[in-house]
Each structure stands twice: as structure tokens, then as C-alpha cells.
Amino acid sequence: MNRREFIRIIGGVSVLSAVAPAYAFSNPAFSQDGILLEAASFADKGGWVLDTQFYQQMGGCFLLAHGMGKTVQNAMTKIKAEKAGKYFIHVRTRDWCPGNWAAPGQFKVIVNDSVLETTFGTEAGWAWQNGGSLSLKAGENKIELQDLTGFEGRMDAIYFSKEANPVLPSAPKDLFGWKDQLSGRSSLKVNEDHYDVVIVGGGITGCGAALAADAQGLKVALIQDRPLFGGNASEEVRVHTLGVHGKGGDILKKIDTKHWPNGHAKAKIDQIKRERNLKNSNIHLFPNHLAIGLEKKDKKIASVEARNSNTGIISRFNAPQFIDCTGDGWLGFWGGAEFRYGREAHSEFNEEWSKHGDLWSPEKADNKVMGTSVLWNSQKSSKPSSFPKMPWAMPVVGKKANIKGEWFWEYSDDKLNQIDDAEQIRDHVLRAIYGNFYNAKKSPKNALIELKWVAYVGGRRESRRIIGDYIYSMHDAAKKRQFPDAVVEEKRELDAHYQRKEKGDSQDYLSKALFYKVHGLYYIPFRSLYSKDIPNLMIAGRCFSCTHIGLSGPRVMNTCGQMGIATGYAAALCKKYSQEPRSIGQKHIKELRKLIGYS
Ligand SMILES: Cc1cc2nc3c(=O)[nH]c(=O)nc-3n(C[C@H](O)[C@H](O)[C@H](O)COP(=O)(O)OP(=O)(O)OC[C@H]3O[C@@H](n4cnc5c(N)ncnc54)[C@H](O)[C@@H]3O)c2cc1C
């Protein structure tokens, strides 16, 4: 490749260009002259929430009516029409659970206080549902979304067209450019800044990395796709942090959690602490920013682009060093780094545990990974309540009738990919939760019990693992291997999950953990914390360089946070010596270990 060329990779589509364009442009075949209303532009979202989790896969951030069975308040906004007249309305939505039942996520659109006849959310698959014609006034028009069910209705965009049958995009890559062009963003100049290090993913790992780099005086950008920091520990997912602090206690205490039960509202208290400590640092914080792609120059990453999920506006973050803390290894994936997904054959790293056979590690490599959970809980109220019938949940749930959830409400299937099929996976667990609760409410003893909280952000455990100079595996932990470049320590057991259906259980959304005891501390080498292929990319958290079983011990958040801290300090040494992570590991490892706290 010519040295002056960039590879621009946006949402998995790569384009070669001498000067990287910031916004994609719409294919002129798509309709251009209508009025586009994007979900995030609703001025008042009422009870609807902005679901950003599946942006790459379905082409947008959509409004979700997450009412746990109770209809949510209308979302409301205004659009301007230049001229009064007849328009045709198309709504990008889906029936998220099609079958021989009424669609669970139905909603209406109200224009200037008139309810349109069409009921939306009733057609399978993300698509533009035709809502017929209507009249708009010249000037402002009020648009509302009215949830009819309380069960996860979803709306990505509304298009008011002068044509009855406009040609509209459906593939994510077409939607991005089309939405940018119609919204006027394509003509905006991209916000651009330079940093010493850019960290993508604001879970405990990314927060740890950012605080460590900041403590060394680096100019740090921390990009997080959700409004809150903390990843699985955040108030949106509510998993408590486990594992030892190792040498990272001073930093981890600022971002970790107490040991409340998974799914507990006490997550809010730790959220306040975490947000306060991040705000009190010099870190440049970018919540609500989805990293969407990157530019490469030669083998290195030159910049990352992220889209503000509320405005759609793209910012470009340039830096000499990048740390991938997305959990899903997005930077490594976009940058073309080698990664693994699924379980290794046990012969590859000698990971057999005969007591559990295939449930632990298979003879032949496969696509099985630990799954995604949706945490939930209920409460006792003073008044009896009922819960609606939901035929659409029954095929998933079976006879289960619990009144609270736990970590083992977990779904994985080797035919589904935890990233590509993430919406289907999250929805499968939601069906299990709601169907189960309907079953529970049939019992008179649960008359006063009502759902208190159900997450809509899925807690993911495992997906891509980016390959570094060293692949961490079972016996590195089990044999407590000493590494000269050890930068993280842990002592918890290895803990890999399998789906109970593997042992004949009819409920496919429940898992079981297998624990392999390790007595004493084990260590992770710095060589597992940078990509072997992209010289200026470090990787920390659950996407670090490891096998499926190698991940099972150090995947907990204090350990991931330690990985983040090690990479944050390493970024400081990269700056000090103008070198890449690999040479820091080879030439300055003593200094790195000293910064972390090893003597
Ligand atoms: C139900 C459940 C129970 C668990 N139990 C425990 C437990 O008790 N204790 C424990 O410590 N661990 C537990 N774990 C494991 C632990 O939560 C994960 O291994 C850990 O969160 C991994 O940390 P991470 O920072 O790598 O990833 P995450 O916590 O997933 O954080 C990554 C963050 O990056 C963001 N991100 C992803 N892509 C982008 C992008 N393109 N742009 C911007 N941001 C992006 C994500 O939204 C997320 O907030 C559990 C996991 C689950 C799901």
C-alpha cells in the first residue's frame, strides 16, 4: 500500500482513500427529498429509552419501549415541513418476536394529535413499515410515539416522503450514509483532536486504563457508547466487581463496587462514586459515543471515529497509542488483527479436565462461548397485581416460575454469534424473563409481587479475543506460571460456564458454572495485553489475548481493571520513550512493573 494512503474502516466496511472522508455519502438511488426523523432526535423521549447496543448490526440507535409490561409514556418531538401537503410515512421498526400471536412491541404514531391508523412494530425483521399518507402543516408538526404493550416496541427512524413508494436503504452501511446526508451531517466538519492515548470502552477496564494514563500526565480520551461508565458494573447492567485489586487498589477503589447481589439497585451508589472520580480527573470523557471505525496508516491505527449517539455527529480521535477495552475487540477487529472466538480443542493448550470432558473443553474446536445475561428482580407491593398473558414468551420459558433472576439466566448458542446476533440473544432472555414472570404470577402466593427492574442492556461475558504475543491459557493460571513481564495478578478459581441444555435441560437460557480451584496467585504477562499485528494497539479486559479457558479466571472486573491499569501505564512509557508496547515489554518492563507497584 502507498504510505500516504489510509485504510478507513467504518462499521466493518473498508475503503481505501488518500484523505479519509468523515461521513459516508448516500447512494443517489435512495430517496432524498423527504423529512427524516431519527429516534435520538425526539426532544422528549417520555418513557422510551435509547438502545445503542446493536448499532453496527441493525444500522441505528433506536427507541425502545421498555415498560416491563406497562405501557410507557409517549415520546414527543416536532418536525418542520417547508410546505403543507400530503406526505407518505414509513417507519423503520420491527416485530421483534414474530409468530402465531399478536406482535409484542406494537405502537402507534400520532401526528398533530391524530393517531395514524397503522399499528407499527407488526412486521418481522428491521424494515420500513408503510404507514400510508397524512397531511403535514407548513412549519412545526408534533410527532408522538404511543406504546401499546409495554413490551419492547422499537423505532429507529421515521421518513415522511412526497413519494408513495420511496426507495429506502436497509443495509446498515447504506443507512449510515443516507441518514448523515438527510440530516445535514454530511456537510459538517468533523470534530477532531489529538491525544496521547485513546481508550475505547468505558467498562471497569477502560476506566482503569484511563485513570492510570491520566495519573502519568497523559492527555487521555475515554470513549464509551453508553451514558454511564462501568460496563457490566454499571447501573444499567448491575454486576458487582470481583477479583483481587492486586497492585491497582488506589485506582480500582475509585471505580469498583461493593458486593451487593447481582441486579441490585445499590449499583447506583457505586455509579455515583465512579462518575465523580472520573469527572475529578483530567480525562477527556466521551460518554454516549459509539466508536464506529478507524483509520490505519501503514500497520498502525492513526485515528478512531466515534458517533455521538444523541446527535449522530462524528468526532475523530488521533493518537499514537490506542487501547481496546470494548470487551468485543472492536479496534482489533476493524484493524485486521488476528482474533479468536469460541473454544479451543483441548489438545491445543492442554486444557483437558477429564472430570467434565466436553463441558469444559472440547476435543474439536467449536463456536461455544459463555453467554449474555439480562439481570432482573421483583419487589413486594401493597396491592395485588396481574401480569399480561404472553403467548410469544411461552415457547422459550417452559414451566419456570421464579420471582427473581440471577447471573445464570444466561443465553448462548453456538449457532448464534454473541456480537452479530446480540439483539436476538438479548431478546431471547427477555422472553424468558417475562414468560417466567407470567408463570410466577399465576400462583396466589405471588399476588403482591411485581417486576421492579429488568435490564435492557445485556451483560456479555465473552466474544472476540484479540491475539497478542502470548496467548494466556489454563495452565498459566493452574500452574501459577511466573512471568518476567507479569503485570496483573489474580487468585480466583477458573470459572467457565456451559448451557444447561448441554446436559438435556429443556430451558436453553440457563447456564451452570464449573469451578477449577487454583490455590494462590497467578499472573498475566504484558505480552497478552497488546496485539501482535497492530503495533500501537493494546488490549485489556475480556478481549485480551487468551484461550476460552484462559479467560475464565481473570475475566472478573477487578482483574480486567488491573489489565487496564497496566496498559494505561504502558501508554505513558510509550510516550516517554517514543516506542510501541512490544518494545516497552522488551526494554522497559522493569519500569512498567515498578509503575504498577511491583518491586
Ligand atoms: C451476568 C454476569 C455476571 C458476572 N458476574 C461477575 C461478578 O460477579 N463479578 C465480576 O467481576 N465479573 C463478573 N462477570 C464478568 C464481567 O462482568 C466481565 O468479564 C467484565 O465486565 C469484562 O470487563 P470489560 O471492561 O472487558 O467489558 P465490559 O464490562 O463489557 O465493558 C466494555 C464497555 O465497552 C463499551 N463498548 C463496547 N463497544 C464499544 C464501542 N464500539 N464504542 C464505545 N464503547 C463500546 C460497552 O458498552 C461496555 O460498557 C459477570 C458477567 C455477567 C454478564
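Residues numbered from 1 in each chain as written. Predicted model: local features only at pLDDT ≥ 70, side-chain atom pairs only at ≥ 80, totals over all residues.

Quick look at the site of the ligand now. Close to the ligand lie 37 residues, the nearest being Gly 201, Gly 203, Gly 231, Gly 459 and Gly 541. The set of elements that each furnish at least two residues to the shell around the ligand consists of α3 (204–215), β17 (289–297), β26 (459–460) and α12 (557–577). Here the shell around the ligand is built from residues that sort into 14 nonpolar, 16 polar and seven charged. (Near = placed C-beta within 6 Å. Helix = DSSP H or I, 4+ residues; strand = E, 2+ residues; numbered from the N terminus. Nonpolar A, V, L, I, M, F, W, Y, C, P; charged D, E, K, R; others polar.)

Let's shift gears to the packing of α3 against α12. Axis separation between α3 and α12 bottoms out at 7 Å; the angle between their running directions is 35°. Two packed elements cross with a definite hand, and for α3 against α12 that hand is right-handed. Residue-level contacts link Ile 204, Thr 205, Gly 206, Gly 208, Ala 209, Ala 210, Leu 211, Ala 212 and Ala 213 of α3 to Met 557, Cys 560, Gly 561, Met 563, Gly 564, Ile 565, Thr 567, Gly 568, Tyr 569, Ala 571 and Ala 572 of α12. (Axes fitted to C-alpha atoms, helices over the stretch in contact; angles between N-to-C directions. Left-handed = near helix turned anticlockwise from the far one by under 90°. Contact = placed C-beta atoms within 7 Å.)

Once that is clear, we can look at the packing of α12 against helix α14 (residues 589–596). Packing of α12 against α14 brings their axes to within 10 Å, and their N-to-C directions diverge by 130°. The pairing of α12 with α14 is recorded here as oblique in orientation. Crossing angle aside, the handedness with which α12 passes α14 is right-handed. Every residue of α14 that contacts α12 at Ile 565, Ala 566, Tyr 569, Ala 570 and Leu 573 is listed here: Glu 591, Leu 592, Leu 595 and Ile 596. Along the lines of polarity and charge, the residues of the contact of α12 with α14 split into eight nonpolar, no polar and one charged. (Parallel < 35°, antiparallel > 145°, perpendicular 65-115°, else oblique.)

Counting buried positions along strand β29 (residues 494–499) yields five of six residues, so the element is predominantly enclosed. Bridge analysis of β29 against strand β30 (residues 511–516) gives six bridges, and the strand direction is antiparallel. Looking at β30, one finds that Gln 499 is bridged to Ser 511. (Buried ≥ 20, exposed ≤ 12 C-beta atoms within 10 Å, placed from the backbone. Pairing = 2+ DSSP bridges.)

Pairing in this open sheet of four strands is antiparallel, and the strands run β6-β11-β8-β9 from one edge to the other. Strands at the two margins of the open sheet, each flanked by one partner only, are β6 (75–81) and β9 (114–115).

This next bit is on helix α5 (residues 267–279). The end-to-end C-alpha distance of α5 is 18 Å, a good match for the 18 Å that 13 residues give at a rise of 1.5 Å each. Buried residues of α5: Ala 267, Asp 270, Arg 274, Glu 275 and Leu 278, and no others. Here the buried residues of α5 occupy an arc of 135° about the axis, which is enough to place them on one side. Exposed residues pointing more than 90 degrees away from the buried face of α5 are listed as Ile 272, Arg 276 and Lys 279. (Expected span 1.5 Å × (residues − 1). Arc of directions from axis to C-beta.)

Looking now at the sheet that holds β26. Spatially, three strands are ordered β24-β22-β26 in an open sheet, and the strand pairing comes out antiparallel. Because the sheet does not close on itself, it has two edges, and the strands there are β24 (410–411) and β26. Taken together, the two bridges between strand β22 (residues 372–373) and β26 define a ladder with antiparallel strand orientation. Bridging from a neighbouring strand, Thr 372 pairs with Arg 460 of β26.

Here the chain is partitioned into domain 1 (35–187), domain 2 (192–345 + 467–496 + 511–596) and domain 3 (372–460). Put simply, the middle of domain 2 and the middle of domain 3, counted by C-alpha atoms, are 31 Å apart. Taken residue by residue, the interface counts 13 residues in domain 2 and 14 residues in domain 3. Residues that form the side of domain 2 that touches domain 3 fall into these classes: three nonpolar, five polar and five charged. (Domains from an automatic or database assignment.)

Our next topic: unusual backbone geometry. Here the phi dihedral of Asn 288 falls at roughly 60°; this positive angle occurs in a residue that is not glycine. With respect to the secondary-structure elements, Asn 288 resides in the loop between β16 (284–286) and β17. On the neighbour-count criterion, Asn 288 (20 C-beta atoms within 10 Å) is buried.

Our next topic: the nonpolar core. One finds Val 198 and Ile 199 to be the most contacted residues of the largest nonpolar core, which totals 154 residues. Sorting elements by how many residues they give to this core places α12 first, with eleven residues. Ignoring anything within four residues of it in the chain, the contact list for Val 198 reads Ala 221, Ile 223, Val 304, Phe 317, Ala 319 and Phe 322. Judged by nonpolar contacts, the second largest core, of seven residues, contains Tyr 23, Ala 24, Trp 178 and Leu 182. (Core = buried A, V, L, I, M, F, W, Y, C linked by C-beta atoms within 7 Å.)

The subject of this paragraph is the confidence of the model for the chain. Across the chain, the average pLDDT comes to 95, with 96% of residues at 70 or higher. Contacts from residues 1–5, a stretch scored under 50 in pLDDT, to residues over four places away or in other chains number four contacts. Scored below 50 in pLDDT, residues 12–20 shows 15 contacts in the model against residues more than four places distant or in partner chains. (pLDDT = per-residue confidence, 0-100.)

The next thing to look at is α3. When the terminal C-alpha atoms of α3 are compared, their 16 Å separation across twelve residues agrees well with the 16 Å that a helix rising 1.5 Å per residue should span. Within α3, eleven of the twelve residues are buried, leaving the element largely enclosed by the surrounding structure. Of all the positions in α3, only Ile 204, Thr 205, Gly 206, Cys 207, Gly 208, Ala 209, Ala 210, Leu 211, Ala 212, Ala 213 and Asp 214 are classed as buried. Structurally, α3 contributes buried residues whose contacts are with β14 (197–200), β15 (220–223), α4 (249–252), α5, β20 (321–324) and α12. Looking at the residues trailing α3, positive phi occurs at Gly 217, about 80°.

What follows concerns the environment of Met 76. Its place among the elements puts Met 76 in strand β6. Separated by 250 residues in the primary sequence, Met 76 and Thr 326 have C-alpha atoms spaced 33 Å apart.

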